[in-house]
Amino acid sequence: MSNSSIDKASVVNRYLPAQLVAKENADAFAPSNIALCKYWGKRDVELNLPVNSSLSVSLAHLGSHTNISHSDTGLDRVRLNNKDLSLDSNFSRKVIAFVDLFRRGQKIALTIDTRNNIPTAAGLASSASGFAALVLALDEFFSLKLEKSVLSAFARMGSGSASRSIYTGFVRWDMGTQADGMDSVACQLDSKWPDLCIGLIKVSSAQKPVDSRSGMTRTIETSKLYPSWPEQAGSDLITLEQAIAEKNFSQMGACAEKNAMSMHATMISAWPPLVYWLPESLAVMHKVWQLREAGVAVFFTMDAGPNLKLLFEACSHSVLQAEFASMEVVRPFSD
Ligand code: PMV
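Okay, so let's go over this structure. All values reported here derive from a predicted model rather than from experimental measurement.

**A few points about the sheet that holds strand 10 (residues 196-201)**
- What the 4 strands build is an open sheet, ordered 11-12-10-13; its pairing is antiparallel. What marks the edges here is a single partner per strand, and that holds for strand 11 (299-302) and strand 13 (328-330). Averaged over all neighbouring strand pairs, the angle between strand axes comes to 30°, with direction disregarded.
- Strand direction decides the pairing type here: strand 10 and strand 12 (residues 308-313), joined by 6 bridges, are antiparallel. The partner of Cys 197 across the bridge, within strand 12, is Phe 312.
- Packing of helix 7 (residues 249-268) onto the sheet brings it into contact with strand 10, strand 11 and strand 12, and relative to strand 11 it is tilted by some 35°.
- Along the sheet, helix 8 (residues 279-293) contacts strand 10, strand 11 and strand 12; its crossing angle with strand 11, the most-contacted strand, is approximately 155°.

Structure (structure tokens):
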């Protein structure tokens, strides 16, 4: 991990006009995404440049809606899920710092209104859709008309996984090599998989105790297993792309599950240990393994939180819905 000599503001600045022209109002939506090959570890903490490339599938209608308009009080207003937040809250500070990259000191007081239809900070990646929707809304509000790859790079500066939420479907985020990160951007894969289902198993909606940024730093600094991670992720990415191209479900599911468990192994071996699992998370894993033994083609993946995402095809939906009654199912290519 290195501390970049390049700061975000100077990178963003290169793409902005000298004087911003603001519209009345702009509205954008970005989907949440679930990584099948995870991003875990930064080589540059300022720009959120990753140690490895990653691959995700987006969650169709589940994500963030962001509206930007002028604030009539002369001060910024930050709203989340229909409530005004204190400007001192973590969320407001992150949003305002990000918007400031675009305003560059120009006095344009804004209302930034975000509505998530997924639980915030419960391992269902609302920061990914949140920053992607914010970048899309800023692009529209200031009529920037930036290319999608640039929007992906800017979203990445807010939250790494947000680079992937600029697109729908299967998305690969290439780690890139440039110091300014402008080649560390996501792109959409051609493949579609109409039968693919993602089952969201909510074990807890509580705020996670250690956010991904601190979790990654702790893992890189203390886990003796971490050095094996980039190679694992690199080979999983190749396997996953092949499985997706061939619609080989068992290869895709097995690789995604193994990738998630390998990431969690690096977290568990950090010090102090980073165990995002709750007893209920482990119970769901055992149930998935039992169902698989019994012939149901189902796999899981998990991020930096206790919730699980099941991967299965439409033919297994009813049997799995009966096993996991409260599971919410998303079909990324049919919803
Ligand atoms: O984008 P961040 O900083 O919230 O990190 C996301 C990390 C994981 O969700 C664990 C993996 C991923 O690729 O989404």
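Now that the structure is up, let's keep going.
**Here's the deal with the site of the ligand**
- The environment of the ligand is formed by 14 residues, the closest being Tyr 39, Ser 159, Ser 161, Arg 164 and Ser 212.
- One of the backbone nitrogen or oxygen atoms of Gly 160 is found 3.4 Å away from an oxygen atom of the ligand.
- Note that an oxygen atom of the ligand is positioned 2.6 Å from one of the side-chain N or O atoms of Ser 161.
- Protein chains bury 91% of the 380 Å² of accessible surface belonging to the ligand in isolation.
- Looking at the shell around the ligand, its residues break down into 6 nonpolar, 5 polar and 3 charged.

**Observations concerning the packing of helix 2 (residues 90-103) against helix 3 (residues 126-141)**
- Their axes nearest at 11 Å, the elements helix 2 and helix 3 cross at an angle of 35°. In the crossing of helix 2 with helix 3, the sense of the turn from one axis to the other is right-handed. Together, Lys 94, Val 95, Phe 98, Val 99 and Phe 102 of helix 2 and Phe 131, Leu 134, Val 135 and Leu 138 of helix 3 make up the contact between the two elements.

Rules used throughout
Residues numbered from 1 in each chain as written. Predicted model: local features only at pLDDT ≥ 70, side-chain atom pairs only at ≥ 80, totals over all residues. Heavy atoms only, no water. Pairing = 2+ DSSP bridges. Helix = DSSP H or I, 4+ residues; strand = E, 2+ residues; numbered from the N terminus. Axes fitted to C-alpha atoms, helices over the stretch in contact; angles between N-to-C directions. Contact = heavy atoms within 4.5 Å. Near = heavy atom within 4 Å. Polar contact = N/O pair within 3.5 Å; in protein donor to acceptor, adjacent residues only side chain to side chain. Areas by Shrake-Rupley, 256 points an atom, 1.4 Å probe, with all protein chains shown as cover. Nonpolar A, V, L, I, M, F, W, Y, C, P; charged D, E, K, R; others polar. Left-handed = near helix turned anticlockwise from the far one by under 90°.

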